[in-house]
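Listed below, chain by chain, are the residues.
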Amino acid sequence: GSGSTVCMDPLLAESHGTPMMGITTRIVDVTIGAPKTCLSSIAIYGDELSACTNCRASVPIDGVGCGWCPGACPELGGKCMIANAGGGPRFETCPSVPGKLGWNQCEVPVSSLPFVAGALGGVGLGVIVFAYIFYRWAKRRHGSVVLYARRKRYDFKAIMRRVNLLPPENADYPAFFVLAGVALGLRLGISIAGQIASYEPLCDFTQAFFLDKSSSIEMTLDNCNVKFVPVSEQGSPDNTLLAVKIMMAVAKHPQIVAETSTCGLKATVSISNTKPESIKYLDYFCNIQVLIPQDGFVVPAMKLVAVGDNVTTIDSRPTESTPDFSLAFGPNSFILEGIRMVARLHKVSAKNFRFEVAHGRLTMIDMSVLETAVFESLTADMIVTSPRRSSVQFWQKEANKVCLTAAKGSLYVQDSCRNVCRMRDTEGNIIVDTPAEDGAASARRRAAVYEHSLRRQDHHHHHHTHDHDQDHHSRRKALMPGESQEDSAVSTRVLGANTTVIFGLTVTDPVAGQIDQTPFVCTGDPNIDAEWTCFPYDAVAEALKEPCPAGAAYEFRKDVPQIPGCSDLEFCMVKGSSQCLCKPGCDMRRLDPPGVCNTGGQCCQVICEGYSKADMLPYEDMPRCPQSAEQPWCNGKLDQQIRFLSDFGQISFQVGYCSDTAFGNCSTFGDDAKPVKRVHSYQGAEPKPRVDIAVDLREEDKFVLNEVFHPGGDVRPKQDWFTFSLSGPGTPERTHGDFVWISAARHLIFQPWFMDVVSYGLLSPSKKLAAGNLNPGFCPAWVDYDSPEFLDRLKVMYRVILDTIQQYPAQEKEKIIPVGTMVVFRPVAGPPIWFGVDSVSNQPILGYVVPENYPLLQAMLFFGLGIPLVAGISGVL
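Counting restarts for each chain, with residues numbered from 1 along the sequence as it is written. Since the coordinates come from a predicted model, pLDDT governs what is reported: local features require at least 70, and pairs of side-chain atoms require 80 or more to be given and counted, while whole-chain, interface and lining totals use all residues. Just so you know, side-chain values use all the structure's heavy atoms and leave hydrogens and water out.

Put simply, DSSP marks the helices as runs of H or I at least four residues long and the strands as runs of E at least two long, and each gets a number from the N terminus on. The topology assignment puts F571 in the loop between β23 (567-568) and β24 (573-574). With 67 residues separating them in the primary sequence, F571 and G504 have C-alpha atoms 8.5 Å apart. When checking whether two residues touch, look at their non-hydrogen atoms; a contact exists if any pair is within 4.5 Å. Aside from chain neighbours lying at most four places away, what touches F571 is P549 and A552.

A few words on the packing of aromatic side chains. A ring pair, where both rings are aromatic, is described by two values, the distance of the centres and the angle of the planes. Stacked, tilted and edge-to-face are the three classes applied to pairs of Phe, Tyr and Trp rings, where Trp contributes its six-membered ring and a pair requires centres within 6.5 Å; stacked means planes under 30 degrees apart, edge-to-face means over 60, and tilted covers the rest. Scanning the entire structure with this criterion turns up 23 aromatic pairs. Seen from their ring centres, F353 and F375 are 5.5 Å apart, and the 45° between their planes marks the pair as tilted. In this pair, the class of F353 matches that of F375, namely buried. Over the ring of W395 we find K397, and its NZ or CZ is 4.9 Å from the ring centre. Relative accessibility decides the category of a residue: with a 1.4 Å probe and only protein chains considered, values under 20% of the type maximum give buried, values over 50% give exposed, and everything between is partly exposed. Our definition puts a charge over a ring when NZ of Lys or CZ of Arg is within 6 Å of the ring centre and also within 35 degrees of the ring normal.

Let's shift gears to the sheet that holds strand β26 (residues 603-608). By the convention used here, strands pair only if DSSP detects at least 2 bridges between them. Taken together, three strands build an open sheet; the order of strands is β18-β26-β25 and the sheet is antiparallel. Edge positions in the sheet fall to β18 (417-422) and β25 (595-597), since each has one partner strand and no second. Direction aside, the axes of adjacent strands within the sheet are offset by 30° on average. Here β18 pairs with β26 via six bridges, running antiparallel. Paired with V420 across the bridge in β26 is Q605. Throughout, an axis means a line fitted to C-alpha atoms (over the contacting stretch in the case of helices), and angles, computed between N-to-C directions, take values from 0 to 180 degrees.

This brings us to the packing of helix α4 (residues 113-142) against helix α5 (residues 145-162). Two numbers describe how α4 lies on α5: the axes approach to 8 Å, and their chain directions differ by 75°. Relative to α5, the element α4 lies roughly perpendicular. In this structure, α4 contributes F134, Y135, W137, A138 and H142 to the contact, and α5 contributes V145, L147, Y148 and R151. Tallied by class, residues from the contact of α4 with α5 come to seven nonpolar, one polar and one charged. Oblique is the label for every angle not falling under 35 degrees (roughly parallel), over 145 degrees (roughly antiparallel), or within 65 to 115 degrees (roughly perpendicular). Polar here means any residue other than Ala, Val, Leu, Ile, Met, Phe, Trp, Tyr, Cys and Pro, which are nonpolar, and Asp, Glu, Lys and Arg, which are charged; Gly is therefore polar.

Our next topic: a nonpolar patch on the surface. A grouping of L125, V129, Y132 and I133 is seen on the molecular surface, where their side chains present a nonpolar patch of about 430 Å² in accessible area. Examined against the element boundaries, V129 turns out to sit in helix α4. Assessed through its relative accessible area of 45%, V129 is described here as partly exposed. Patches draw on residues past 30% relative accessible area with no salt bridge. Two like charges within 9 Å are joined, as are two nonpolar side chains (Val, Leu, Ile, Met, Phe, Trp, Tyr) within 5 Å. Only the protein chains shown count as cover for residues, and the accessible areas themselves come from Shrake-Rupley with a 1.4 Å probe. Any carboxyl oxygen of Asp or Glu within 4 Å of a side-chain nitrogen of Lys or Arg constitutes a salt bridge here.

Written out as structure tokens, the structure reads:
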């Protein structure tokens, strides 16, 4: 750096500082994977013959070699594919193209027509010789070939009848063959119908692409279901994949096009649906499986973009057979973008992660990034957990609905609120000082503006009051033409006395003895007038009509501006300090947020906007230290830099080493793990062990749920089974359970498949589903499903659902669900949970729906099945 401008010109150099000794961090991207195979291409060797020859010459490893496919990747002139030794492609298909060579052919092969013709001629000659010898033998021994064949036929029939494999000679053969044809056709029809009924087009992957040459993948999706699957769950040979493989099942239609380019370093897949809007998603499906190798495989950089008006789903959750399944992008990035997307990701690690989706939902468990993670949405909720210490910036524009969770004593939140002080005039408008003005000139100008505005306001107030008094006088005169307008003519009745001090002025109210009665001032003579004229009496208003002392700047006390802490109505004076000049345009303006004047005359407001900050650590009582050589990671420079931004979507972020199955159970890392207590910060508040939030459904979801659950204004749906699919922070995932309304308890006591079998589907409940988003939701987003806290949350969600279907909207009549029906929580594993209210304590309670509590239903089932069975056995005997 000796030749830099700073070193050449001392005027550009900054002051010298002592170098800081200590630890620093630099990221070096290194990708270690399986050795690249079958790399031969025309771009490397110059022509197809050389590329094909070198591809075929690759030495097989563990029975796996390489083969050349001229019809694949036409833009590259062919592709060298992984192949079984001596066989076809191992993971791909080699398309045949007219006019091109076939699989593993480097040159036009020598014609085999002469050899085939010679072989066929030899075989034909041998058949002729054998036929002549057989003819001579049959004629010599049996007279002729026909007689020999007839005798053998009779012998065959006799043997088959002896073993009862042929009917007797007097059998009706036409009827037999007709019956056999009908039976065979019926059996074939049943088989075909079963195959058609069990056929699932979503699982019929008609297109597959092996991306062994790609370093990045980009997919543009329209209402597609994308699932990341470990190769260990696939059959052979896909269970030995060493690179990403994409399998697609897309509806076949001229206006549904799947465009792919998977031969270069950047693989692209685009699903385009140009059908008319009214039928765009009718008979439409798009199902994509992304097969991911494990055991240290680094996933290429990936970008998924959701387009269209329907939701695209992304899922990478593990299964029971692969609980450790993860997406390890290493030094690569993982990006999710689009309009409508619901993503459920598990154990994702990448250099950078970005989620920029307008609507939908993100649930991300165990995220790890080397540099940054960016989350942005319009209405999509974003629920994320991470085991690594993180520096977070967050901004939820609607109401700061952000929940942060970390270990006790290790969550440090710095909100975005700051005290902003600015000069304002009496109308509340901000005064911008020009640079040429000094402080004194600016103060004089502001005082002049204030005085002019104040005089204008007082003048307007005086004339307004005078006009009001004139109007009131005119009304009284119209009502009572003969009454006196003097105050001494007003008759009053003293009920008590009360003294009030208004801006230094002592006011005595003679009619304030009874609070529950309204005092009136009435005029008239009881001996003459049958009716009196009355109006409410206001002692303060009467006192303000009095004139000011001699020499005051105001004529009447009502003309004096009433400024808290500055006005004196007793002497009709107003303080001229900077703070008093400020208050009419600040303290008294009801600004949002409220303003308070300081001694310098500035209006100060606590403004909360922009990003708040937090440092979050996974262990208890970790200090938030200053930047130093020994601790260079502190104060906004932790391992992960994360930014959340949403207009209306809720944000939940948790840091800790938590269980793979119970995300609310966190502990220290290592073999000797110990439980970690968590604290939570909601809306940027100070962290605490428990956060209470008024959980509720969004207003638009309440409206939809009310319409769907009460068709035509009925008190119940037409179906017997109605599922409430809730989403939002703290709601149970659908893999754990759902809230359902059922028309009868039998639907819970007996499994639906059992009722379907015993009643031939007649008693199977008809079903319907409605979705709803809890906004605001719970904080934290995750608690143990087996904990009492989760049961308390179930009670809250039950109450929210019940209030919505019974009491929404508030202006309509309450719609009580019919007796015998109930709303329960039905977990995937375990008995359903019912809810109620304790008659003694009036507190919500819950219990389990078990068959033992419904003996009558069990007895009815026993007799319903037992009586026909006994009757059938008796009839046989």
